[in-house]
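An overview of the molecular structure
Okay, here's what each chain looks like letter by letter:
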Amino acid sequence: MIIAWSRRLPAAVRELRTATAPDADHQPAQGHLLRALLADGTEAVLDADGCPVRDPRTLRPAGPVPCPPAEAVHDGRRVALLFDGTVVESVDLRSTVTHLVPQPGGLLVAATEEGDLYGLRSGLTAETVAALHEAEDTWLKNDLGDRPAVPAYGDPGLRFRADRLVALHRAGKVDEAVLNRGLAALARDPAAAGLDAATVFLLAEAAQRGGAPEVALPLHQSAARDERLRARALKAAADCLHALGARRAADLAYRRSAVAEPGEAAKHVLYESSRRLAQAGRAQEARLGYELLLSWDAAFADVRERLVALPRQGTGEPGTGSPAATVDALDRYGVLPSSVEHTVSFDACWYRNFDATSAADSAKKLLEMVGIFSAVDIGAVRRSLDVGSGTLRYPKALAACGVESVGIDLSTAGVRGMPGEAAKRFVCADGTRLPFRDGVFDLVTCAMGTIDHLPPALRAPFFAEAWRVLTPGGVAAVGAWDPRCPHLTFLEMYSAAERDELRNLLVLPDDLVALAGRQGFRDVTTLPFAMFPDWVAAGAGLDTDTPAWLRTLAEWDAVARARDAAAVGQMFLLIARKPDSRHTAGEAAAHRS
């Protein structure tokens, strides 16, 4: 679609009509004129070429105007022609379109809020629309084996062909395999990288799913020019580099993805959560969010005014059952780490390497603990087991809550030099061959991606053993890394080689849910957490590892989940329940088989 002519009118258009004049001297070639009633009460009359008609005499309404060969629509500044709901041609104008009127000869006239008129012409005819229908119908009727990847539409561009495949899939006319095959074929077109970023990313994903990372890589890198897609596209490009064996390049690309600028959704999460905290009287936590948002985008909404209006101190308390309330409960039990915690009597080197690491690592570990303590009724837990316990973080935390707790690990390095009383909670054992009787624990935890370190063949034995040692109604809580997260960075203690190896072992949340269900667990759910990049957690305040800092992070996570049910975090928490005693042993065995 092209702009054939344009004209600036003295005022905005209030109404746009097609009219005719009885005087043949003033009629355009098709016998129609364009009459624009303006906001200032005047009117303008133009011919088919956009030229003013000075003396139109008495105008009268025109007769029926032939319909354009395709549906014409406008959305904001964009005017488009649709083929069965799919954009086949479009043009962007300088300001928002308010009126769109068809004229004879395939002309479309658009009026904008700034008082501009545009005459738009399309190469689309009734014959080309009929040819598109015929090509598509023939393609759909062909046997799948004889069908080319994409219908032979002819002239319409790459963007139309991609959008049309997606529309056919949404309408149920083609399945996902056919969709991916067609998009992957379009991704190989040399013109693909020049499309809009959203379409480029769509094609790149299809090529990646189709096992062509070499095709997808440059497309993902091209899509990363769009701020809204940058983090996801850079992460996908890193996955391609990883698949191609360029491990160092992949690690660098993963790091770029993790520090990509926040999109609009992340800004809205910070704004909404800070506003909620301010309304609850929690000024200190609200201030952290507003100041972090201010560092990104000082012009975002009214963030500066809200920051100035905050009182220096707040007296509000977290609502019952909220993540912040869980943080306060952990603080009362003395579970949260202290910035002055001493490690002299401990194996200080190991402790600093694993437990006393960066603020970003602490955020992940503590947000996981908040999730577990929020999801599990700790008051009903008498005995707990932590698998892959390392430095006994969970056994110590649960012991502070009055739980008889024990941790197991294949290595004793985490408890080397630990005070005797704490070390009594440790057993050197294998999580897939637990040295405990059936039904003795009310809670089994497996935290911070321990499940990801297990070879895939050993994950089912782990869930089977957890089911065996749990009491009826007992809960398994498993924290795992989410491979879909664009800002996934693992822990700082991991080397580049370890991160690279771990990425090959990660499991999707739905797959882990299915695995737990096959071992007899019921009511299996997942909860994403660590929804923001590491540098957000580290920049949330100077005083990290404090209750206020953790409450703020937990609030941001909660708002991010509430805004988008499909939101992805660096990690996810799986909560699974062993059926109670009403289920027979035979039923449970059948579930696990």
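Before reading on, note that the structure itself is shown above.
First, a word on what this report is: a plain description of the structure on this page. The model shown is predicted, which means the values in this text are computed figures rather than measured ones. (Residues numbered from 1 in each chain as written. Predicted model: local features only at pLDDT ≥ 70, side-chain atom pairs only at ≥ 80, totals over all residues. Heavy atoms only, no water.)

**Details of the overall build of the protein chain**
Across its full length, the protein chain carries 22 helices and 18 strands. Buried positions account for 51% of the 593 residues belonging to the protein chain. Sequence-distant contacts in the protein chain: of pairs separated by 6 or more residues, those separated by 24 or more amount to 67%. By element, 51% of the accessible surface of the protein chain is carried by carbon and sulfur atoms, the whole surface being about 27,500 Å². (Helix = DSSP H or I, 4+ residues; strand = E, 2+ residues; numbered from the N terminus. Buried < 20%, exposed > 50% of the residue type's maximum accessible area, 1.4 Å probe, protein only. Contact = heavy atoms within 4.5 Å. Areas by Shrake-Rupley, 256 points an atom, 1.4 Å probe, with all protein chains shown as cover.)

**Here's the deal with the side chain of Glu465**
In this fold, Glu465 is placed in helix 17 (residues 456-469). A relative accessible area of 14% means that Glu465 is categorised as buried. Once residues within four sequence positions are removed from consideration, Glu465 is found in contact with Gly431, Thr432, Arg433 and Leu434.

**Side note on the sheet that holds strand 8 (residues 86-92)**
In space, the three strands of this open sheet follow the order 6-7-8, with antiparallel pairing throughout. The open sheet terminates on both sides in strands that have one partner only, identified here as strand 6 (71-75) and strand 8. Across the sheet, the mean angle from the axis of one strand to that of its neighbour is 25°, orientation sign disregarded. Sheet topology places strand 7 (residues 78-83) next to strand 8; six bridges connect them, and they run antiparallel. Within the sheet, the bridge partner assigned to Leu81 lies in strand 8 and is Glu89. (Pairing = 2+ DSSP bridges. Axes fitted to C-alpha atoms, helices over the stretch in contact; angles between N-to-C directions.)

**Thoughts on the sheet that holds strand 18 (residues 571-577)**
Spatial ordering of the open sheet is given by 14-13-12-15-16-18-17, a layout of seven strands whose pairing is mixed. Two strands in the sheet have a free side with no partner beyond their single neighbour: strand 14 (426-428) and strand 17 (522-529). Averaged over all pairs of adjacent strands, the angle between strand axes in this sheet comes to 20°, irrespective of strand direction. Pairing of strand 12 (residues 383-387) with strand 13 (residues 404-409) involves five bridges; the strand directions are parallel. From the neighbouring strand, Arg383 faces strand 13, where its bridge partner is Glu404.

**A word on the packing of aromatic side chains**
A complete count under the given rule lists 10 aromatic pairs for this structure. Taken together through their ring pairs, the aromatic side chains of Phe83, Tyr153 and Phe160 make up a single cluster. Seen from the ring of Trp467, Lys578 lies directly overhead, with NZ or CZ sitting 4.2 Å from the centre. (Phe/Tyr/Trp six-rings, centres within 6.5 Å; stacked < 30°, edge-to-face > 60°. Lys NZ or Arg CZ within 6 Å of the ring centre and 35° of its normal.)

**Remarks on the side chain of Thr552**
Within the secondary structure, Thr552 is located in helix 21 (residues 547-563). Since its relative accessible area comes to 0%, Thr552 is described here as buried. Every residue in contact with Thr552, bar those within four places of it in the chain, is listed here: Glu285 and Leu288.

**Details of the pairing of strand 12**
Consecutive residues of a regular strand have side chains that alternate between opposite faces of the sheet. Counting buried positions along strand 12 yields four of five residues, so the element is predominantly enclosed. For the crossover that starts at strand 12, traverses helix 14 (residues 393-400) and ends in the parallel strand 13, the hand is right-handed. Here strand 12 runs beside strand 15 (residues 441-446); their pairing, made up of three bridges, is parallel. Bridging from a neighbouring strand, Ser384 pairs with Leu443 of strand 15. (Right-handed = clockwise from strand over helix to strand, strands pointing away.)

**Focus on the nonpolar core**
The nonpolar side chains of a soluble globular protein tend to be buried with one another. Core analysis: the largest hydrophobic core is formed by 64 residues, its most contacted members being Phe373, Trp481, Phe532 and Leu550. For this core, the leading source of residues is helix 13 (residues 359-375), giving eight residues. Not counting the four nearest positions on each side in its chain, Phe373 is found in contact with Thr326, Leu330, Ile378, Ala397, Leu398 and Cys401. Listed in part, the 61 residues of the second largest apolar core include Phe83, Val88, Leu168 and Ala184. (Core = buried A, V, L, I, M, F, W, Y, C linked by side-chain atoms within 4.5 Å.)

**Thoughts on helix 9 (residues 283-296)**
Across its 14 residues, helix 9 extends 20 Å between first and last C-alpha, which sits within 8% of the 20 Å expected from 1.5 Å per residue. Most of helix 9 is tucked away, with 10 of its 14 residues classed as buried. Taken residue by residue, helix 9 has Ala283, Glu285, Ala286, Arg287, Leu288, Gly289, Tyr290, Leu292, Leu293 and Trp296 as its buried positions. (Expected span 1.5 Å × (residues − 1).)

**Looking at the packing of helix 8 (residues 264-279) against helix 9**
As a packed pair, helix 8 and helix 9 sit with axes 8 Å apart at the nearest point and diverge in direction by 150°. In terms of orientation, helix 8 lies roughly antiparallel with respect to helix 9. The element helix 8 and its partner helix 9 pack so that their crossing is left-handed. In this structure, helix 8 contributes Lys267, Leu270, Tyr271, Ser274, Arg275, Leu277 and Ala278 to the contact, and helix 9 contributes Glu285, Ala286, Gly289, Tyr290, Leu292, Leu293 and Trp296. For the contact of helix 8 with helix 9, the class distribution of residues is nine nonpolar, two polar and three charged. (Parallel < 35°, antiparallel > 145°, perpendicular 65-115°, else oblique. Left-handed = near helix turned anticlockwise from the far one by under 90°. Nonpolar A, V, L, I, M, F, W, Y, C, P; charged D, E, K, R; others polar.)

**Digging into the pattern of salt bridges**
Per the stated rule, a full pass over the model turns up 29 salt bridges. The salt bridge involving Asp116 is made with Arg94; its shortest N-O contact spans 3.3 Å. Residue Asp116 is located in strand 11 (residues 116-121), and its partner Arg94 is located in the loop between strand 8 and strand 9 (97-103); the two are separated by 22 residues in the primary sequence. Taking the shortest distance from any N to any O, the salt bridge between Asp534 and Lys364 comes out at 3.2 Å. Taken as a pair, Asp534 in helix 20 (residues 534-538) and Lys364 in helix 13 lie far apart in primary sequence, 170 residues in all. (Salt bridge = Lys/Arg side-chain N within 4 Å of Asp/Glu carboxyl O.)

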